[in-house]
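# Structural features, examined
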Amino acid sequence: MTQDTTSNPTDFIRDIIDDDLKTNKNNGKVATRFPPEPNGYIHIGHAKSVCLNFGIARQYQGTCNLRLDDTDPAGESMEFVESIIHDIRWLGFDWEDRLFYASDYFEKIYQFAIELIKSGNAYVCSLSPDEIRELRGTFTEPGKDSPYRNRTIEENLDLFGRMRAGEFADGAHVLRAKIDMAAPNIVMRDPIIYRIKREPHYRTGTKWVIYPMYDFAHCLSDALEGITYSICTLEFENNRPLYDWIVERLITGLRPRQIEFARLNLSYTVLSKRRLIELVQEGHVKGWDDPRMPTVTGLRRRGYTPEAIRNFCAQIGVAKNDNLIDVALLEHCIREDLNEHAPRAMCVLHPLRVVIDNYPENQVEQFECANHPQNPEMGTRKIPFSKVLYIEQDDFMENPPKKYHRLGPGREVRLRNSYVIKFESMVKDDRTGNVLELHCTYDPDTLNGPPADGRKVQGVIHWVSAQHGIPAEIRLYDRLFSIEDPGSEENFVKYLNPNSLEILTTCYVEQNLKNAEPGNQYQFERLGYFCVDAKDTAAGKPVFNRVVQLRDSWAKIAKN
RNA sequence: UGGGGCGUCGUCAAGUGGUAAGACACAGGACUUUGAUUCCUGCAUUCGGAGGUUCGAACCCUCCCGCCCCAGCCA
């Protein structure tokens, strides 16, 4: 169904905001942020969060900042920052001048740490990583205090300053919040808030050798930016008490509130950064923008539109239930968009030569065809017809089953936008028995209507004039995995769909598509939606990616 | 089982004490020069289970069951 764009979505987060607005909690202010770490490309799960955060800002006339959460230099890079910026813009969102980096707050965050030490709420711990883990306890046993827990403020200040100055080796000391080693929530057992890490940062270079941990940096970054709603995914629910603990101690006035929602899971693909990286690095796909990837860049290259992705995000809703969204919904959303906007064209994937015996040898007719069957405003184009054509191999059967409406011995069929033709004979390969060529005759009176004698012609098939068609490479994509929830399998690579990509090199598209614009989508009638590949298309030599197939009720009938 | 969270149609998801929205999927049918689109129709006497409160419960209470998250100097 088409979304009513005048009505805003509703969900538990918006309910909270509505309540806050009623009580004027933040003086009517609504400020969100989207905080990706620049260590990978964003995917459709991020898109859900982008739509949520930017969508809320738009709906309530508030703001949404883009903040790169770059507190761990390992793996972070400008390449990822740029891709993230590009992808979010492409999705249709704007942060104006509010592009921020957690790394820009390093000095301020450091000062906050000093403040925490001074108030007796943090200490430098000199245990080894193993020892810290040891003393942390388990789910059922409380932890034990670090022997360094009661260092004096002066000593802590001195040590922390020297940590920053680079006097110690990586891992020699950490700064910890002094909370409660017996807390039932493990997050609260004196969490580490600063570590020494001699790793050059893509933005701050070697200026810092200590970096704040997520729990410390994130809430303070939110506060620094005046965020009112810090929306994140469910796995951070355990961290919320720490978020509040820090903010309560260091921030006066407006304090941001963390709200968690369930992250997106999509069937037949994986959405965790770790797994996506593995797919790329181990060469299971051809890169982050492989059209089979659920990344925004992959979806874009596949031919998905921002509208379809936004609509998908609106349809799935926002809640706290773990979910596994049927990829059929995503496919529905792109079909819905492309059905309305993509111009139609004809293309033969698996060509079968057809000679129209009663058509003059050198004649060529140009048929004026609608670019869209329901929308005349999309105009028309000319398609050449001649004696020799290509049709789809599937559209001819020597021994057709019942209900098959296409071509076969003794049968007639309508050529889309053209004449009705009748089967006359076929030429077979002597050795293999394969049908090499069909001979048909056409009925010249059927161009603009059904046969005058009332004959019923049920089938309509697509075609391309052999001498006019443009050879094209067409890539047929299918789901990347063969099981619904590969993300739940430890050895998920085992379930890759071996047929997720089929490359066809003997296809013919109508000549109008010879110089089709990279990135543009078309509906190849009766086949599906296709997108001109933006990377591998060369002048006059188009490469198409299949976005999604058309719904195919024949396929269902044929199965039975 | 120490803490946190979640259980409403195959998949999502509304519903917040007044008698189960919607979407996708699926199944029929109409129309059709795309077996597409569009259009009709059907699709939870029941809300994880069992008790209880109430005139009335998916919504309140009790107990039970199941699933997810947390023991990175990742985010």
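The rules behind the values
Residues numbered from 1 in each chain as written. Chains lettered and ligands numbered in written order. Predicted model: local features only at pLDDT ≥ 70, side-chain atom pairs only at ≥ 80, totals over all residues. Heavy atoms only, no water. Helix = DSSP H or I, 4+ residues; strand = E, 2+ residues; numbered from the N terminus. Rg over C-alpha atoms; globule rule 2.2 N^0.38 Å. Buried < 20%, exposed > 50% of the residue type's maximum accessible area, 1.4 Å probe, protein only. Contact = heavy atoms within 4.5 Å. Areas by Shrake-Rupley, 256 points an atom, 1.4 Å probe, with all protein chains shown as cover. Lys, Arg positive; Asp, Glu negative; His and termini not counted. Charge placed at Lys NZ, Arg CZ, Asp CG, Glu CD. pLDDT = per-residue confidence, 0-100. Pairing = 2+ DSSP bridges. Near = heavy atom within 4 Å. Polar contact = N/O pair within 3.5 Å; in protein donor to acceptor, adjacent residues only side chain to side chain. Nonpolar A, V, L, I, M, F, W, Y, C, P; charged D, E, K, R; others polar. Axes fitted to C-alpha atoms, helices over the stretch in contact; angles between N-to-C directions. Parallel < 35°, antiparallel > 145°, perpendicular 65-115°, else oblique. Phe/Tyr/Trp six-rings, centres within 6.5 Å; stacked < 30°, edge-to-face > 60°. Lys NZ or Arg CZ within 6 Å of the ring centre and 35° of its normal. Domains from an automatic or database assignment. Buried area = accessible area lost by both parts, 1.4 Å probe. Salt bridge = Lys/Arg side-chain N within 4 Å of Asp/Glu carboxyl O.

With that settled, the discussion passes to the overall build of chain A. Helices and strands together make up the secondary structure of chain A, namely 13 helices and 25 strands. The globule rule puts the C-alpha radius of gyration for 560 residues at 24 Å, and the 31 Å found for chain A is more than 25% above it. Dimensions along the principal axes, computed over C-alpha positions, put chain A at roughly 100 × 55 × 45 Å. Among the 560 residues that make up chain A, the fraction classed as buried is 54%. Taking contacts inside chain A between residues at least 6 apart in sequence as the whole, the part at least 24 apart equals 71%. Approximately 25,800 Å² of chain A is accessible, and the part contributed by carbon and sulfur atoms is 47%. With 70 positive and 82 negative side-chain charges, chain A shows a spacing of 1 Å between the two charge centroids.

Summary statistics for chain A give a mean pLDDT of 96 and a share of 99% for residues scoring 70 or more. In this model, residues 1-6 is a region of pLDDT below 50 whose contacts with residues beyond four sequence positions or in other chains number seven contacts. Listed scores for the predicted complex are pTM 0.96 and ipTM 0.97.

This part covers the pairing of strand S23 (residues 521-524). With burial as the criterion, each face of S23 is covered, one bearing Gln-521 and Gln-523 and the other bearing Tyr-522 and Phe-524. In this sheet, S23 lies alongside strand S10 (residues 344-345) in parallel orientation, the contact comprising two bridges. When the bridges of S23 are listed, Arg-344 appears paired with Gln-523. Across four bridges, S23 lies against strand S24 (residues 528-532) in antiparallel orientation. The residue of S24 that forms the bridge with Tyr-522 is Phe-530.

By nearness alone, 67 residues border RNA strand B, and Arg-344, Arg-406, Arg-416, Leu-447 and Ser-553 come closest of all. Measuring from a base nitrogen of RNA strand B, one finds a backbone N or O atom of Phe-139 at 3.1 Å. Considering each element in turn, the surface near RNA strand B owes the most residues, four residues, to helix H12 (residues 327-341). For the surface near RNA strand B, the class distribution of residues is 26 nonpolar, 20 polar and 21 charged.

A separate point is the environment of Val-464. Considering the arrangement of structural elements, one finds Val-464 in strand S20 (residues 463-465). When its relative accessible area of 3% is taken as the criterion, Val-464 is described as buried. Non-local contacts of Val-464, meaning those with residues more than four positions away in its chain, are made with Met-346, Cys-347, Val-348, Leu-389, Tyr-390, Gly-469, Tyr-508, Val-509 and Glu-510.

Bringing the sheet that holds strand S7 (residues 210-212) into the picture now. The four strands lie next to each other as S4-S5-S6-S7, forming an open sheet whose pairing is antiparallel. Edge positions in the sheet fall to strand S4 (122-125) and S7, since each of these pairs with one other strand and no more. Adjacent strand axes in the sheet meet at a mean angle of 20° when their direction is disregarded. Sheet analysis places strand S5 (residues 174-177) next to strand S6 (residues 192-196), joined by three bridges and oriented antiparallel. Bridging from a neighbouring strand, Leu-175 pairs with Tyr-194 of S6. Packing of helix H4 (residues 106-118) onto the sheet brings it into contact with S4, S5, S6 and S7, and relative to S6 it is tilted by some 120°.

The sheet built from three strands is open, its strands ordered S1-S2-S3 with parallel pairing. Each edge of the sheet is formed by a strand with only one pairing partner; in this case those strands are strand S1 (31-34) and strand S3 (99-101). Strand after strand, the sheet turns through a mean of 35° between neighbouring axes, direction not considered. Along the sheet, helix H2 (residues 44-59) contacts S1 and strand S2 (63-68); its crossing angle with S1, the most-contacted strand, is approximately 160°.

This paragraph deals with the packing of H4 against helix H7 (residues 214-224). Where H4 contacts H7, the axes come no closer than 10 Å and their chain directions differ by 110°. Classified by the interaxial angle, the pair formed by H4 and H7 is roughly perpendicular. Two secondary-structure elements touch here, H4 through Lys-108, Ile-109, Phe-112, Ala-113 and Leu-116 and H7 through Phe-216, Ala-217, Leu-220, Ser-221 and Leu-224. Tallied by class, the residues present in the contact of H4 with H7 amount to eight nonpolar, one polar and one charged.

If you walk through the whole model with that rule in mind, you get 25 aromatic pairs. Chaining the aromatic ring pairs together yields one cluster made of Phe-106, Tyr-110, Phe-160, Tyr-194, Trp-208, Tyr-211 and Phe-216. A cation sits over an aromatic face here: Arg-164 above Tyr-110, 4.5 Å from the ring centre. The ring of Tyr-101 carries the charged tip of Arg-203 above its face, separated from the ring centre by 3.4 Å.

Once that is clear, we can look at the domain arrangement of chain A. Domain boundaries assigned for chain A yield domain 1 (12-261), domain 2 (273-344 + 472-559) and domain 3 (347-462). Of the roughly 2,100 Å² buried between domain 1 and domain 2 on both sides combined, carbon and sulfur atoms contribute 72%. The interface formed by domain 1 and domain 2 contains two salt bridges. A salt bridge links Arg-300 to Asp-87; its shortest N-O distance comes to 2.9 Å. Our enumeration of links across domain 1 and domain 2 arrives at seven residue pairs in polar contact (both at pLDDT 80 or more). When residues of the side of domain 1 that touches domain 2 are traced back to their parent elements, those giving at least two are helix H1 (12-22), H2, helix H3 (78-91) and strand S9 (257-261). When residues of the side of domain 1 that touches domain 2 are assigned to their parent elements, the largest contribution, six residues, is made by H2.

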